[in-house]
Amino acid sequence: MRCPSYTGYTLTSLVELQHGLSAQLQLAGPACNAFGSDVANLTLEVTYQSQSTIRVNIFDTAKEQFAIPSSIIPPPPLPTRSLTNDSDLVFNYDPSPFTFWITRRSDPDSMPVFDTRISSLPPTPIPPFNASDPSTAFDGFPLVFEDQYLQITSALPLGTNIYGLGEVVASSGFRRDIGTGGGSGTIQTHWNRDDADPIDQNIYGSHPVYLEHRYNVSTGKAAASGVLLLSAAGSDILLQTPPTSPVSLIQYRMLGGTFDFYFFSGPNDVDVIAQHGAISGYPFMPPAWGFGFHLCRWGYHNVSDDIANVEAMREAGVPLEVQWNDIDLYHAFRDFTTDPISFPADEVKSFIENLTVNHQHYIPIVDAGIAVTVNDTDAYDSFTRGSELDVFMKNPDGSLYIGQVWPGYSVFPDWFVDNAEEWWTEALTNWSMNGGVGFSGIWLDMNEVSSFCGYSCGTGANFSALAPYSLADVVVVGYPECYNETVSGPSGNMTVNGTSTYSCSNVSGSGASVAMRAGASRRATMRGVGTGIGAGGETSINVTYPPYAIHNGFGALSAHTVATNATRAGGYLELDVHNLFGTMEARATYLALQKVRPGKRPFIIGRSTFVSQGRWAGHWLGDNYSKWEYMYLSIQGVLQFQIYQIPMVGADTCGFIGNTDEELCNRWMQLSAFMPFYRNHNTYGALPQEPYRWDSVANASKIAIQARYSLLAYWYTLFANASTTGLPPIRALFYEFPDEPELFTVDRQWLVGKDILVTPVLEPGQTTVQGIFPGRGNVIWRDWWTLAPVSVSPTDSSNQSTTITLQAPLSHINVHIRGGSIFLLYDQPGYTTYETMNGPYALLVSLDGDGGAWGDAFVDAGDGEFDVVGSTGSRSNSTLARRLTFEASEGSLSVKTRWGAYNIEQKLETIIILGVGKEPESVIVQGEQVNGWVYDGGTEELVLAGAAVDLNGDVEVSWA
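Here is what the cut-offs are and how they apply
- Residues numbered from 1 in each chain as written.
- Predicted model: local features only at pLDDT ≥ 70, side-chain atom pairs only at ≥ 80, totals over all residues.
- Heavy atoms only, no water.
- Helix = DSSP H or I, 4+ residues; strand = E, 2+ residues; numbered from the N terminus.
- Rg over C-alpha atoms; globule rule 2.2 N^0.38 Å.
- Areas by Shrake-Rupley, 256 points an atom, 1.4 Å probe, with all protein chains shown as cover.
- Lys, Arg positive; Asp, Glu negative; His and termini not counted.
- Charge placed at Lys NZ, Arg CZ, Asp CG, Glu CD.
- Core = buried A, V, L, I, M, F, W, Y, C linked by side-chain atoms within 4.5 Å.
- Buried < 20%, exposed > 50% of the residue type's maximum accessible area, 1.4 Å probe, protein only.
- Contact = heavy atoms within 4.5 Å.
- Pairing = 2+ DSSP bridges.
- Disulfide = S-S within 2.5 Å.

Asks: Summarise the overall build of the protein chain; cite the residues concerned and give the values.
Replies: Looking only at helices and strands, one finds 15 helices and 50 strands in the protein chain. Taken over C-alpha atoms, the radius of gyration comes to 28 Å for the protein chain, in line with the 30 Å a tight globule of 960 residues would show. Principal axes of the C-alpha set define a box for the protein chain whose edges measure 85 × 75 × 65 Å. Accessible surface for the protein chain amounts to roughly 32400 Å². Of this, 50% is attributable to carbon and sulfur atoms. Charged side chains in the protein chain number 50 positive and 98 negative. The centres of these two groups are separated by 3 Å.

See the structure below:
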């Protein structure tokens, strides 16, 4: 943007308000008009939202630019009192040229959290950091606000730690590349698109929020902060450190919209994530069955395949909670149908009823595209009824926008239409009640939106000339690293005729590094402007090819999706609202399921996401590859979505694209058992990968699922906390150990909550794994499986936590529990979550070095109404739930009800206390000495079995 005389804006007309200030910003000099027309008059509004959050909103005074409607993401209420003088964050500004910076009241001398002052940024012009891409140059840093281009830049501490800004599969790992330490920097594009998990490109979701973990080398202390730009505009966000610069920087380049910033003060990483949740909305509370094991594939050809699959899982003893169906279910790939030959409605209904009897569940797919009827005799109620209610997207001339998806020519719902939710609810109701598909949840796919043709290709077309997509002659090639099918054949087995199929020669395994991958769209390898709001009301702009070209992986914004000139109700254009489709569809589905299944919690998994989607749905990480590389990459994906407040997330276990093999599936089934959403899913024509297909995978799966179900109360409590306070269930190691720089790049391990450390094998051919144990020797870690403490030397020579070689034979995943923690467990994990939850409880106490420990548990019926009010502790007599707390110290253990009066029928049968230094002479429960306890000095383990303790009252246990 070469405008040497451009200086930005001048602040005038400042007014101090109870909760902040407002002012006018006027163009200070000649317009730049670099990628559009400069907007002369802007309004600045600053709101001290809470003691930890400031909102800085810069918008055009005329309000012609698109801003996200409050009906989609409601703004938080104003505080009940003024916080301008005691918020931890402080808004500072220079009036001319206007710049602003955000500082901490608690640490005013530290570098600002966000700083747009020209004097704080490196001198310009700065040549392109990618010589082949002139747009990667930095020509200047003043505030730019044009009708089709917005730009703002902030200085960051040199080489600071940035996380988030996805969705992305980043080659740098969970920590984003900021252009230091040999990195090349980051261009993160936000434009939702259907592409199969390419590296370092935009994919299904847009989340312009980041977490900064800022470490002070001088003090050895870290503090976290966060920034959310609440904008749906297509964008590039650049992270870079110019040569010789004393600072790094972040630059936002937006295709319209406004600058609606929220700044979060932390100071801890989990605080930042929770503060983001207070703005975007806390995530939905899943039903307990949602934490069970889910199984799917594209290629269950008929209902008999489903039945056989469920029976084979039970015969193998591998727990199955939820059976899914992909688009095989449909008649001619049409939403809300079943194929009359392969999935007759009465047989599907009977199948689902049998699942229900066995306390299992069923989830079908719903695609975004709705098939058009091909002629006058074609009957398809979803299209006909939608046309009657006028709920589909339009072309600029008012005709139907018609793209192409699996069923052929297709239309797409317009969620801005008032009665679109009514139509959607009606379709789901008819499918469930009359169509035999009695689902427990819904899977939303292809909702970026994905379209196989350019623009409205169906306009004026002969609909009957385009048949539904054909799956004939599909051939899937490719196997995981270190499996050579040309030598070993197509089985994927670890041995063939007694000979190992492992084909890598290097000792350390595949040695596969994360490389740039162009990526194919999901299943793509198998298929051949008027008046309104925002861009819809600005006649001088280029809707199809905006002057600034963001780095969209497909190039043109309209490629493989709905064209940017498609119109929505209310005068909106696709250019402005593209990134909102998935979230609006998830919201409509959530509200519909509340009506279709009254008294039951909705469970929805969607692909395309945006800010606030966690309120309505979870997410799977899209169309990954059956590669060891992608198993590792799934960890950063799950960590990312905790920041985005979409904690119910997981990968397609064993991989989706290509063929898996026995060893990869064995390791991946165990890894995913310690992730929130646990589903095995693969593509059409690929090698079957249900866990019963290999004995070793079945065994590994049973071991891992038993541990998962044992921990079900822990998972459930983590999500209750997320749903009421925004705390992340899955955590990077440094969240809990913020002052240990050796952890800042760790993304091959993670924490479940704050107390369970998971260290998976991520390379083929390995029987050991390297794991770092946080705490620098000051924290006790115990093996989940053996309960024995791990011998951890205090630190290495550099005063850092040491890495340990752990034994990891096939079918074993290393899991460790933290000293100072207490877990409410299910003592007898069953085949389903229902059976598990109806069995007795156990309590596992892992004492720290001082003999103390703490934990809590949220207990309710596992479905139905979620007591949000009670969960905040404001209502102590709720019969819907009970919050238990556990505390151990100085040879005693207490269990108390913090709030709630939900009746817990199951008894506490077993109590295990780890870290008891010597065998006690007596154990007392509820004031009475008991016998039958066992002590193991090797693991310092005290076990009390057959306790039969009632958890509805206070419990006291002591040993001496």
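Still more ground to cover, so stick around.
Asks: With reference to specific residues and values, describe the nonpolar core.
Replies: Grouped together as the largest cluster of nonpolar side chains are 239 residues, with contacts concentrated most on Trp-424, Leu-428, Trp-431, Phe-674, Val-752 and Leu-843. Setting aside its immediate chain neighbours within four residues, Leu-428 contacts Phe-336, Phe-439, Ile-442, Thr-589, Ala-592, Leu-593 and Val-596. By size, the runner-up hydrophobic cluster in this structure holds 57 residues, among which are Leu-21, Val-113, Leu-156 and Phe-259.

Asks: Pulling in residues and values, what's your account of unusual backbone geometry?
Replies: Between Gly-166 and Glu-167 the backbone carries a cis peptide bond, its omega angle lying at 10°. Here Glu-167 lies in the loop between strand E10 (161–164) and strand E11 (186–190). Here the residue pair Gly-266 and Pro-267 is connected by a cis peptide bond, since its omega of 10° sits within 30 degrees of zero. Inspection of the secondary structure puts Pro-267 in the loop between strand E17 (259–264) and helix H1 (269–280). The phi dihedral of Lys-63 falls on the positive side, at around 55°, and the residue is not glycine. Inspection of the secondary structure assignment puts Lys-63 in the loop between strand E4 (53–60) and strand E5 (89–95). One non-glycine residue with positive phi stands out, namely Cys-482, at about 75°. Note that Cys-482 resides in the loop between strand E24 (442–445) and helix H6 (485–488). Its relative accessible area of 8% is what places Cys-482 among the buried residues.

Asks: Account for the pairing of strand E50 (residues 955–959), with residues named and values stated.
Replies: Of the two faces of E50, only the one carrying Val-955, Val-957 and Trp-959 is buried; Glu-956 and Ser-958 on the other face are not. Pairing of strand E46 (residues 923–925) with E50 involves 3 bridges; the strand directions are antiparallel. Looking at E50, one finds that Ile-924 is bridged to Ser-958.

Asks: Lay out the state of the cysteines with the relevant residues and their values.
Replies: Covalent bonding between the sulfur atoms of two cysteines defines a disulfide. The final tally for this structure, using the stated rule, is 4 disulfides. Each sulfur in the disulfide pair Cys-3 and Cys-32 lies 1.8 Å from the other. As the torsion about the S-S bond is roughly 65°, the Cys-3-Cys-32 disulfide counts as right-handed. Of this pair, Cys-3 sits in the segment before strand E1 (9–17) while Cys-32 sits in the loop between strand E2 (20–27) and strand E3 (41–50); the two residues are 29 residues apart in sequence, bridging distant segments of the chain. One disulfide bridge connects Cys-482 with Cys-504, the sulfur atoms lying 1.8 Å from each other. Looking down the S-S bond of the Cys-482 and Cys-504 bridge, the torsion is -90°, so its handedness is left-handed. With a gap of 22 residues between them, Cys-482 in the loop between E24 and H6 and Cys-504 in the loop between strand E26 (499–500) and helix H7 (574–577) connect regions that are remote in the sequence. Given the relative accessible area of 21%, Cys-504 is considered partly exposed.

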